[in-house]
Structures are given as structure tokens and as C-alpha cells.
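# Coordinate inspection notes
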Amino acid sequence: MVRKTLFCIIALMLMFGASFTVAQDSELSLRALAERDNFYVGAAVYTTHLNDPIHVETLAREFNMLTPEQQAKHCELEARQGQFDFRGFDRLVAFAEEHNMAIHGHALVWHSCTPQWVENGDYTRDEAIGLLRDSIMTIVGRYKGRIPIWDVVNEGITDSGAALRDTPWRRLIGDDYIELAFQFAHEADPDALLFYNDYGTEGINPKSDAVYELVSDFVARGIPIHGVGLQSHFTIGGFDANQIARNVERLGELGLQVQFTEVDIRHSGEATDNILQRQAGDYYRLMDVCLANDACTAFITWGVTDKYTWLRGANLGFYNNPSVQPLLFDDNYQPKPAYFAALDSLARKVGETPVLSDDELTAMIGGTAQTVEIPPQIGRAH
Ligand code: XIL
């Protein structure tokens, strides 16, 4: 019955290309299904989104993990050395706790959000190590026992995979700034799971090989690392699910967790019905890859509603598309075909009645060959 109703809704949406109120079965949500499988479905959130009641309702109903989209980054928390402003982050943590959601902390070290005083600082290596430790101890220490996962270093490898990225902390400290950051985070909260997070590293390619080497070396030398985040900012048709599965597998074999940390699936031009269908197929494939391997513990979308996607930001140059609809919920918080695809993948995993029939699913995921894409700019466009 539920399945039939949902199919009718999708069919109507496709026929009329319209969004309208969907009477949703309150039992059936991404979150409810995920919780039956010890799995996390997450979304990136700004504090300002919490002022929007529909956003709050959708977030709490559908997701059991929250990533601060901006408010937990170092440049936001410590714009002036030693003067921390935790107001925004505290609000997100309080919201998550009130709604029984886990927090995925993001990100302690990221070249695009390193405070000016570090960028312009003239410190010796030892001084810089002390400053990095102070910042991480203060931030991670404040939420000790309350934030189970931290992205410790974000985007530390060049796009070719040939070297570590030239970043402010690396200039001051040297290549070992990455392992030092992991050690300090572990010291601040020994129970937190510590992740290395990056983009263009989802499939098998020179950059994901470089991540694999970095984290293998950490594991071998006992540097505290527990997981790898695959950002997953894709274009429709822009990934090879089999390759991602192989990458998840090799990371899992190291004893590491994997999370898809910043999923969105963009397109150029207007979001036609055909685009939304193909996007749904991609969401299904991606969710399926994650659910197929126990090492993959979370599927996090980079926002809840298309209305607030960072991809509509004017600062993204080539990627800027004011009409882009890359997420699971449309501008009016109505679930899109992509939502039902993700829901169906989860339903099948937990043995719940599928949301889509096998025929509908086959039509949605099609049989088209996929190609690998490494987004050349995403993540460093600002
Ligand atoms: C982005 C946010 O979405 C934007 O709102 C902000 O202006 C810049 O950062 N990779 C990452 C995220 O790891 O932190 C980025 O988030 C998107 C790319």
C-alpha cells in the first residue's frame, strides 16, 4: 500500500513536474529505516537553518546525523588567536542532542578555512605545533564525549594525488602536521572517531590511491585514525559505483570506517524530469554501495533542501547554477525521486517492503555505463 502510494506520487510528480504536499507515512523515513540497521543518514546544516520550522521538522524526521556545514570550522571558531566563539556550533550541538542525532564534526584543519593568524603567522615549527595543539584541544575538548566523529584534516592532498597540498599548517610545520593533528584530536577525546576527508577520492584513481597510502601508513604506525570521508560531490552520471565499492572495500580491509560525507548530485541547466530521474538512479546506486559494505557507516547529504545548497552560491564559478537541484528535498521540502530512491535502497537493506517495484527500480537505475569524474575545483573554489 505504502509502496503503491509512493509510486503514484512519483508518477504524478513526473507527469506534472510539480511539487505538492505529500502525505507521508510518518513511520517511513530515512532515519527510521537507518536506525534499524545501526546506520546514519546525515545532512549538513547551518545554524540559520534552525530558524526555519519546516527545515527543523524535516531534519529531525529524516536524519539521525548532522554535520555543521560551516560553524565547526577553525576559521569560524577562532578568528582571533585564543578567542573562541562557539555560539553557532553550540546551537547545532544542542539541536542534535535534543533530537537524538549524532554530530559529524567538520573540520579541524582545512586550508580553505584556516584562520588568518595562522595563514599570516610567522611562527617557528615548535610554536606552530603548540598553536595547532591548543586549538584542537580547545575545540575537541569542549565537546568531549558528545561528538563521536571528527573530520580532522580535510582535503590535504593535491588533485593529482602526487603530493600533500600546500597549506598554511604544512608551511609552518611540515608534512607531519597531518599526523600531529590526529594525535592532538585523540588526546583531546580518546573516544572520538577520527576521519581524513577529501573529494575526488571516491573511486579508484591516483588521488584515492594517495589517500589509501596515507591512511595505510597511519594505521601501520599506530597514528590514531578511524575512518575516511568520501565527500561525493558528483555530477549526474559522474561516478562508477563498482569502483567506489572497491575503494570502500580496501579501506574497510584496513579496519577503517568509510562515510559518504558531503553527497550532492548536480547537473547543468534546469532540473527536468529526466534529470531528476537519472539523479534518483545515482542516489540509489550510491546509497546501495554504502549499504553493501558494513565498513560504510553513514550517508550524509550536503544540505537538506535544494533551496540552501552551497552549489547555488555565487562563489563557485564554473559550478554555479542558480537552478541546480542536487539534494533529496526540493525548494519546498517535498521529497524528490532521489529521496524515494534512497529510501528504497534502505528499505531493501533492512528487509522492509520495497518502496519501488523491481520494474520501477530497473527503469530508474537504467543500465547506462558510468564514467569516473574527479571534480577539479570543488572544495577549493573559495
Ligand atoms: C562549504 C559550505 O557548503 C559553504 O557554505 C561554505 O561557504 C564553504 O564551505 N568541501 C567541504 C565543505 O569539505 O566544508 C565545503 O562546504 C564544501 C566542499
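This one's a predicted model, so the numbers in the text were calculated from it and none came from an experiment. (Residues numbered from 1 in each chain as written. Predicted model: local features only at pLDDT ≥ 70, side-chain atom pairs only at ≥ 80, totals over all residues. Heavy atoms only, no water.)

## Observations concerning the packing of helix α12 (residues 273-291) against helix α13 (residues 337-350)
The cut-off we apply is this: Here an angle of 0 to 180 degrees is reported between the N-to-C directions of two axes, which are lines fitted to C-alpha atoms, with helices fitted over the stretch in contact. Under the scheme used here, helices are H or I runs from DSSP no shorter than 4 residues and strands are E runs no shorter than 2 residues, and both carry numbers assigned from the N terminus. Any angle from 65 to 115 degrees is called roughly perpendicular, while one under 35 is roughly parallel, one over 145 is roughly antiparallel, and all others are oblique. Here a crossing is taken to be left-handed if its near helix is turned anticlockwise relative to the far helix by less than a right angle, and right-handed if that turn runs clockwise. Should any heavy atoms of two residues lie within 4.5 Å, those residues are counted as being in contact. Residue classes follow a fixed rule: Ala, Val, Leu, Ile, Met, Phe, Trp, Tyr, Cys and Pro count as nonpolar, while Asp, Glu, Lys and Arg count as charged, and any other residue, Gly among them, counts as polar.
Where α12 meets α13, the closest approach of the two axes is 7 Å, and the angle between their N-to-C directions is 30°. Between α12 and α13, the angle falls in the class roughly parallel. In this structure, α12 crosses over α13, and the sense of that crossing is right-handed. Residues Leu276, Gln277, Gln279, Ala280, Tyr283, Tyr284, Met287, Asp288 and Leu291 of α12 form the contact with α13, whose own contacting residues are Pro337, Ala338, Ala341, Ala342, Asp344, Ser345, Leu346, Arg348 and Lys349. Class assignment of the residues belonging to the contact of α12 with α13 gives a composition of eleven nonpolar, three polar and four charged.

## Regarding the pairing of strand β1 (residues 40-45)
Counted only if it meets this: The cut-offs for exposure are 20% and 50% of the maximum accessible area for each residue type, with area from a 1.4 Å probe on protein chains only; residues under the lower value are buried, those over the upper are exposed, and the others partly exposed. What makes two strands pair is DSSP finding at least two bridges between them. Orienting the strands away from the viewer, one traces the path from the first strand over the helix to the second; a clockwise path indicates a right-handed crossover.
Across the six residues that make up β1, a large majority, five, are buried. Pairing analysis gives four bridges linking β1 to strand β9 (residues 296-301), with the strands arranged parallel. Within β9, the residue paired with Tyr40 across the bridge is Ala298. Relative to strand β2 (residues 65-68), β1 runs parallel, the two being bridged by four bridges. Among the inter-strand pairings, Ala43 is bridged to a residue of β2, identified as Leu66. Handedness of the crossover is the feature at issue here: the chain leaves β1, passes through helix α3 (residues 53-62), returns alongside β2, and the resulting connection is right-handed.

## Observations concerning the pairing of β2
Residues Met65 and Thr67 point to one face of β2 and Leu66 and Pro68 to the other, with burial holding for every one of them. In this sheet, strand β3 (residues 102-110) lies alongside β2 in parallel orientation, the contact comprising two bridges. Looking at the pairing, Met65 lines up with Ala102 of β3.

## Considering the confidence of the model for the chain
Here is the rule we go by: For every residue, the predictor reports its confidence as pLDDT, a number between 0 and 100.
Mean pLDDT over the chain: 90, with 88% of residues reaching 70 or higher. Below a pLDDT of 50 lies the segment residues 1-24, which in the model reaches 38 contacts outside its immediate sequence neighbourhood of four places, other chains included. Segment residues 367-382 is flagged for pLDDT under 50; beyond a separation of four residues in sequence, or across chains, it makes 52 contacts in the model.

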